[in-house]
Amino acid sequence: MLLEGRVILVTGAAGALGSAICAAVRQHGGTPFRTDIAQGPDVDARHDVTSEAGWAGVCATIERRHGRLDGLVNNAGIIRVGSVEATALADFRLVMAVNVEGVFLGCKVAWPLLRESDGAAIVNVSSTAGLVGSADHAAYNASKGAVRLLSKSVALHGARLDPPIRCNSLHPSLMPGNMAETIVAGAEDPQAAIEAIVAARNPLRRLARTEEVAAAAVFLLSPMSSYMTGSELVCDGGATAL
Ligand SMILES: NC(=O)c1ccc[n+]([C@@H]2O[C@H](COP(=O)([O-])OP(=O)(O)OC[C@H]3O[C@@H](n4cnc5c(N)ncnc54)[C@H](O)[C@@H]3O)[C@@H](O)[C@H]2O)c1
């Protein structure tokens, strides 16, 4: 019960990792507030993370409904596959808007509410793509690298408070779901392409399970990680150790 009584805002909550994080928050006694640009039964509020007004509305709803906010998981994200040469400026801007501006706005707009908590934590979902490059992920690499450094700035600002607002970035490798499918969509045999990625780049010889990455997010949200801020938690089966 690492998150007993805690209210945690999770963006991209309808997706593969977002839904696993919400389930893990609940398992640990917390209450997730689930937002996504997509509507559905597992979403508390429809919310496009690129909209500042949308963030303000979500925070006002949380304050009205729960009276507190103890954690924020900036999880919503998109990918466009393409080298620097092949990526259209519009796609680059879209990826940066969702993956970077969305995280910036979340930290900024939720700040006053998080500040009232007795120990708030922000988890910004980056990727191994925020640590190492890939020829065909120009926009995604740029965005996830930005999330990594933005998180450090947020952490340093939060450290000036008493109690501090902690902020860490989380760096998963490939998980099953939409994003993995998008990455191999151009391959002749997508399943074989996934297997080739795992064989070439993953010492644990399998994809990450969403529950494993969600467990890392719960750890960063909880008092178990009270001395961690501005850090990068890598959850990648050893991929970036290669
Ligand atoms: N899947 C992977 O292999 C992988 C690996 C490393 C990091 N990540 C990161 O994990 C996070 C979650 O990815 P996922 O695998 O669950 O992907 P997913 O596609 O299953 O889920 C992403 C969710 O974000 C939502 N979303 C997209 N644009 C949005 C917007 N503008 N506003 C609000 N919500 C929006 C989608 O509707 C979707 O529900 C992302 O930040 C992604 O970059 C994923």
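To be clear, the structure that these remarks concern was listed above.
Analysis parameters
- Residues numbered from 1 in each chain as written.
- Predicted model: local features only at pLDDT ≥ 70, side-chain atom pairs only at ≥ 80, totals over all residues.
- Near = placed C-beta within 6 Å.
- Helix = DSSP H or I, 4+ residues; strand = E, 2+ residues; numbered from the N terminus.
- Nonpolar A, V, L, I, M, F, W, Y, C, P; charged D, E, K, R; others polar.
- Pairing = 2+ DSSP bridges.
- Contact = placed C-beta atoms within 7 Å.
- Axes fitted to C-alpha atoms, helices over the stretch in contact; angles between N-to-C directions.
- Buried ≥ 20, exposed ≤ 12 C-beta atoms within 10 Å, placed from the backbone.
- Right-handed = clockwise from strand over helix to strand, strands pointing away.
- Core = buried A, V, L, I, M, F, W, Y, C linked by C-beta atoms within 7 Å.
- Parallel < 35°, antiparallel > 145°, perpendicular 65-115°, else oblique.
- Left-handed = near helix turned anticlockwise from the far one by under 90°.

## Quick look at the site of the ligand
Okay, step 1: The immediate surroundings of the ligand are formed by 28 residues, with Gly12, Gly15, Ala76, Gly77 and Met179 found nearest.
Okay, step 2: Listed by contribution, the elements that provide at least two residues to the shell around the ligand are helix 1 (16-27) and helix 5 (178-183).
Okay, step 3: Within the shell around the ligand, the residues separate by chemical class into 15 nonpolar, 11 polar and two charged.

## Side note on the sheet that holds strand 6 (residues 166-172)
Okay, step 1: Read from one edge to the other, the open sheet built from seven strands follows the order 3-2-1-4-5-6-7, with strand pairing classed as parallel. Each of the sheet's edge strands pairs with one partner strand only, and the pair in question is strand 3 (45-46) and strand 7 (232-235).
Okay, step 2: Where strand 1 (residues 7-10) meets strand 4 (residues 71-74), three bridges bridge the pair, whose relative direction is parallel. The partner of Ile8 across the bridge, within strand 4, is Gly71.
Okay, step 3: Sheet contacts for helix 4 (residues 138-158): strand 5 (121-125), strand 6 and strand 7; angle to strand 6, the most-contacted strand, approximately 160°.

## What to know about the pairing of strand 2 (residues 31-36)
Okay, step 1: Across the six residues that make up strand 2, a large majority, five, are buried.
Okay, step 2: Summarising the sheet, strand 1 and strand 2 pair through four bridges and their orientation is parallel. Note on strand 2: the bridge partner recorded for Val7 is Thr31.
Okay, step 3: Remark: the strand 1/helix 1/strand 2 crossover connection has right-handed handedness.
Okay, step 4: Across two bridges, strand 2 lies against strand 3 in parallel orientation. Paired with Thr35 across the strands is Ala45, a residue of strand 3.

## A closer look at the environment of Gly186
Okay, step 1: For Gly186, the position within the fold is in the loop between helix 5 and helix 6 (190-201).
Okay, step 2: What makes Gly186 exposed here is the crowd of 10 C-beta atoms within 10 Å.
Okay, step 3: In the structure, Gly186 is positioned 105 residues away from Val81 in sequence and 9.4 Å away in space, judged by C-alpha atoms.

## Here we look at the nonpolar core
Okay, step 1: Among the nonpolar cores identified, the biggest contains 61 residues, and Ile8, Ile21, Val123 and Ala217 are the most heavily contacted of them.
Okay, step 2: Looking at this core, the element that brings in the most residues is helix 3 (residues 89-115), giving nine residues.
Okay, step 3: Once residues lying within four places of it in the same chain are set aside, the contact partners of Val123 are Val73, Asn168, Leu170, Ala217, Leu220 and Leu221.

## Quick notes on the packing of helix 3 against helix 4
Okay, step 1: The interhelical angle for the contact between helix 3 and helix 4, taken along N-to-C directions, is 15°, at an axis separation of 9 Å. As judged from the angle between their axes, helix 3 and helix 4 are roughly parallel. For the crossing formed where helix 3 meets helix 4, the hand is right-handed. Of the residues in helix 4, those touching helix 3 at Asp91, Phe92, Val95, Met96, Asn99, Val100, Val103, Phe104 and Cys107 are Ala139, Tyr140, Ala142, Ser143, Lys144, Ala146, Val147, Leu150 and Val154.
Okay, step 2: Classifying every residue of the contact of helix 3 with helix 4 gives 14 nonpolar, two polar and two charged.

From the geometry alone we can't say anything about function, so treat these as descriptive.
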